[in-house]
Structure formats: structure tokens, C-alpha cells
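What follows is the residue order along each chain.
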Amino acid sequence: MNTQTIHAKQKPRILTGDTTTGRLHLGHWVGSLENRVQLQDQYDCYFLIANLHALTTRADRPAEVRQSAIDILLDYLSIGIDPQKSTILLQSEIPAIADLTFIFSMLLSFPRVMRNPTIKDEIRDKNLGENYPFGFLLYPVGQVADILAFRAELVPVGEDQIPHVEMTREVARRFNQLYCEQGNELFPIPEAKMGRAKRLVGLSGPDKNTGNLLKMSKSLNNAIFLSDDPDTVRKKIMSMYTDPNRLRPTDKGTVENNPLWIFHETFNPDQAWVAEAEDKYRNGQIGDVECKRKLIEVLVEFIEPIRQRRSVYENDIGQALDILKAGTERANVVADDTLQQVKKAMQQDYF
Ligand code: ATP
Ligand code: MG
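Residues numbered from 1 in each chain as written. Chains lettered and ligands numbered in written order. Predicted model: local features only at pLDDT ≥ 70, side-chain atom pairs only at ≥ 80, totals over all residues. Heavy atoms only, no water.

1. A few points about the domain arrangement of the chain
One can read the domain layout of the chain as domain 1 (3-198 + 317-345) and domain 2 (201-309). For domain 1 and domain 2, the distance between their C-alpha centroids amounts to 31 Å. Counting residues at the interface gives 23 residues for domain 1, matched by 22 residues for domain 2. Between domain 1 and domain 2 the total buried area reaches about 1900 Å² when both faces are included, carbon and sulfur atoms providing 64% of it. On the domain 1 side of the contact with domain 2, Arg-23, His-25 and Leu-26 bury the most area, a combined 36% of that side's loss. Run the count over domain 1 and domain 2 and you get one salt bridge. Note that Asp-228 and Arg-23 form a salt bridge whose closest N and O atoms lie 3.9 Å from each other. Applying the counting criterion to the domain 1 and domain 2 interface returns seven residue pairs in polar contact (both at pLDDT 80 or more). Where the side of domain 1 that touches domain 2 is concerned, the elements lending two or more residues are helix H2 (26-39), helix H4 (62-79) and helix H7 (117-125). (Domains from an automatic or database assignment. Contact = heavy atoms within 4.5 Å. Buried area = accessible area lost by both parts, 1.4 Å probe. Salt bridge = Lys/Arg side-chain N within 4 Å of Asp/Glu carboxyl O. Polar contact = N/O pair within 3.5 Å; in protein donor to acceptor, adjacent residues only side chain to side chain. Helix = DSSP H or I, 4+ residues; strand = E, 2+ residues; numbered from the N terminus.)

2. Focus on the pattern of salt bridges
Within the structure shown, the criterion is met by 29 salt bridges. Two residues, Asp-75 and Arg-310, come together in a salt bridge whose shortest N-O distance is 2.8 Å. Residue Asp-75 is found in helix H4, and its partner Arg-310 is found in helix H13 (residues 288-314); the two are separated by 235 residues along the sequence. Assessed through its relative accessible area of 4%, Arg-310 is described here as buried. (Buried < 20%, exposed > 50% of the residue type's maximum accessible area, 1.4 Å probe, protein only.)

3. Some thoughts on the site of ligand 1
Taken together, 22 residues surround ligand 1, and among them Thr-21, Asp-160, Lys-215, Ser-217 and Ser-219 come closest. A distance of 2.9 Å separates an oxygen atom of ligand 1 from a polar backbone atom of Thr-19. Residue Gly-27 places a main-chain N or O atom 3.3 Å away from a nitrogen atom belonging to ligand 1. For the shell around ligand 1, the secondary-structure elements that each account for two or more residues are strand S1 (13-19) and H2. Of the residues in the shell around ligand 1, the class split is four nonpolar, eleven polar and seven charged. The two domains that each donate at least three residues to the shell around ligand 1 are domain 1 (3-198 + 317-345) and domain 2 (201-309). (Near = heavy atom within 4 Å. Nonpolar A, V, L, I, M, F, W, Y, C, P; charged D, E, K, R; others polar.)

4. Some details on the packing of aromatic side chains
Counting across every chain of the model gives 13 aromatic pairs. Taken together, the ring pairs connect Phe-104, Phe-175, Tyr-179 and Phe-187 into an aromatic cluster. If you follow Arg-246 out to its NZ or CZ, it ends over the ring of Tyr-281, 4.0 Å from the centre. Of note, Lys-294 hangs over the ring of Trp-273, and the distance from its end group to the ring centre comes to 5.5 Å. (Phe/Tyr/Trp six-rings, centres within 6.5 Å; stacked < 30°, edge-to-face > 60°. Lys NZ or Arg CZ within 6 Å of the ring centre and 35° of its normal.)

5. Brief notes about the environment of Phe-351
Within the element layout of this structure, Phe-351 appears in the segment after helix H14 (317-345). Overall, Phe-351 belongs to the exposed group, its relative accessible area being 100%. Along the chain, Phe-351 and Ser-92 lie 259 residues apart, while their C-alpha atoms are 26 Å from each other.

6. Points about the nonpolar core
Nonpolar side chains tend toward joint burial in soluble globular proteins. By size, the foremost hydrophobic cluster in this structure holds 56 residues, and its most contacted members are Leu-26, Ile-49, Tyr-76, Ile-237 and Trp-261. Tallying contributions element by element places H13 first for this core, with nine residues. Counting contributing residues per domain, this core is built from domain 1 (3-198 + 317-345) and domain 2 (201-309), each supplying no fewer than three. Filtering out sequence-adjacent residues up to four positions away, Leu-26 remains in contact with Leu-200, Met-216, Ile-224, Leu-226, Phe-267, Leu-299, Phe-302 and Ile-303. Core analysis: the next-biggest nonpolar cluster, separate from the first, contains 39 residues, Tyr-46, Leu-186, Val-342 and Ala-345 among them. (Core = buried A, V, L, I, M, F, W, Y, C linked by side-chain atoms within 4.5 Å.)

Listed below in C-alpha cells is the structure:
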């Protein structure tokens, strides 16, 4: 074992990940990715490509799930996740996670799983109706297993994932209390860490049912992706939802709950310009088009270096897949060890 590995083992662990339902977008960046990139030196990081969880809503679209797994891998590498420091892993190749999901599902009551507010929101926002698969209800428990398989202490996530981390904390406590001696608990109680935007809104405006602005989401067709080219960014911003009551540049506009200004506040490095332009917008002294043009400039400048790094890996998918394979192998060592310890604590270690 070299000194780098010994050092990595002493660091507290991070586990977080993304469902393979599309490519990564600006919401992911401010909600979780930015923290991941920054925390790579302080933590032993595990970033999970959650392809099994994608099947809970897309079992009929395996080719899309596969394409998304590759896209997310390329997105990770292009935003600066460094495979020398962090481990990127593929969920379906970590068998211990499936075993742990089954075991942990015994530590949660059915009504407790159904009380999870994110589950209710997702059923509504993704129009899953009443005939969603049984497995959909299992995915938060699967997420508990993802986190606990790595005995993670920190989970960088957006606001919508807080109920899942809360459930993970409950399961960890319950497991420790039921099966471990005091002072010799197996699981740390993980903390969630939210990004500087807990829930970035999407481009499409308010939900018809609730009137609230929907979050930017891979599956809601309301996202700007970290891999969008400048022309796509321009088209999306030019046709985005802003203040529906403002028809002319001389009309007084509303800044609050207006995605145009939420994006400027979140991504524009020139906050003095933003404050001044918001003032003018409120007073009918600046047009939407001018503010949108500025936003396009800001976003293209942010996305272009990411896209350039991505193109290197796009031309060598084999290299990216080798990184994923090596990471998955490393991750299996940790997850298998957790599973063995779980079985031992539960007196189910026979051989
Ligand atoms: P899906 O539509 O399939 O649910 P998603 O866009 O919600 O996809 P996830 O893979 O579910 O993406 O989430 C990955 C991580 O990114 C989670 O930690 C989640 O909280 C965070 N995240 C997703 N969307 C946003 C957003 N709009 N703002 C802040 N964080 C977000
Ligand atoms: Mg989601």
C-alpha cells in the first residue's frame, strides 16, 4: 500500500451521485458538483453513477439509461473531478449495495417510506400517475444503501435529497442501536451538505398545479446542460420564462421569483451590474432582451471550458470507461467490507 492510499483511508468519506436520466445541468453544479470539486482534497470521495435508480422510472428505455451513464461520466471528468483523487463508480456493478438495500428495507416501516416528501413531489412533478413501479418506492432505500455502503460522513446534495439523507441517518442509528455494542457502532451518522443554491429553478416557469417554480431537472426538459453549445444556450435563454406580466421594456418588472434574475444572481460574477440592472428592471428602464443577452454571455463563458475538456474525453470514451472500471473496482473493496461487517453485526456470518 503506498502512502497516498494510506492517507486516503484516513480521510472521512463522501458519497453522492446522480441518476442516469440525462446529462448534468446548472442545477447540479450549484447544488452539489461545485462542493464535490472543492472537497476532493479533504475527503475520500465516492461519486456514484446511479443507473439502477434510473430504471425505477425508465425500465422501458435501457439505451437512454446507458447513454446517460456515459454522459454523466464525461460530465464528471470535464467539470474537474480528478480520478487520481476521487473514485467514480457504477451502481449496478456494486453488488453489496443491492444486498444492503434489502437488509435496510427491514429497518423502515412502509408508512415511513411513503411519508418521504420527495417521493410525493417526484410522483407529481414527473407525472408518474398511480402506476409507478414498486421499485420506485425502493429507490430512497437504495440511496440509504449507497451512502451507508461507503460509511460516508458527508453527502453533498441539493435540497430535494435532504429527506433521503434524513432517512439514511435514521437507518444508521437504528442499525447501530439494534446490532452494535455501544462505543463500537458500525455506521457514522452522515450529514448533508447543500450547495450555494439549494434548489435552482428551471427555465419553464411555474407548475400548473402548485404555482411554484419547478426545479431545474434532467427529466423535466427545463435545464441548461453543462454540455450545451453556445447556440443552444442562446435559444434556451431567449425563450425562457421571465415576468409574464411585462410586455414592453418600459413596463415595471418583477425581479423576485424570476428565473432570469435568479440565474444572474447565481452565475454572474459582476454582481454590481446585476444589482443595478435589477433596479432598472423594476422601474421599466431596461429590456428583457438586453438582460438575457448578458446572461447568455455569462453562461457561455462558464460552460465553454467545461465543454472543451469534455470533447477530449468524447474522443476517447475508452479512456473514460477505464477510469470508471478502475473506480468501481476500488469501490467494491469498501462496499464488500461494509457488507461483511453488517452480516457479522447481525450474526449472519456463517462461513
Ligand atoms: P431527475 O429529473 O432524474 O430526478 P435531477 O435533475 O433531479 O434528475 P438527480 O440525479 O436526481 O438530478 O440529482 C443529482 C443531485 O443534484 C442531487 O444531489 C440533487 O439534489 C441535485 N440537484 C438536482 N437538481 C437540482 C437543482 N435544480 N438545484 C440544486 N440541486 C439539484
Ligand atoms: Mg432528481
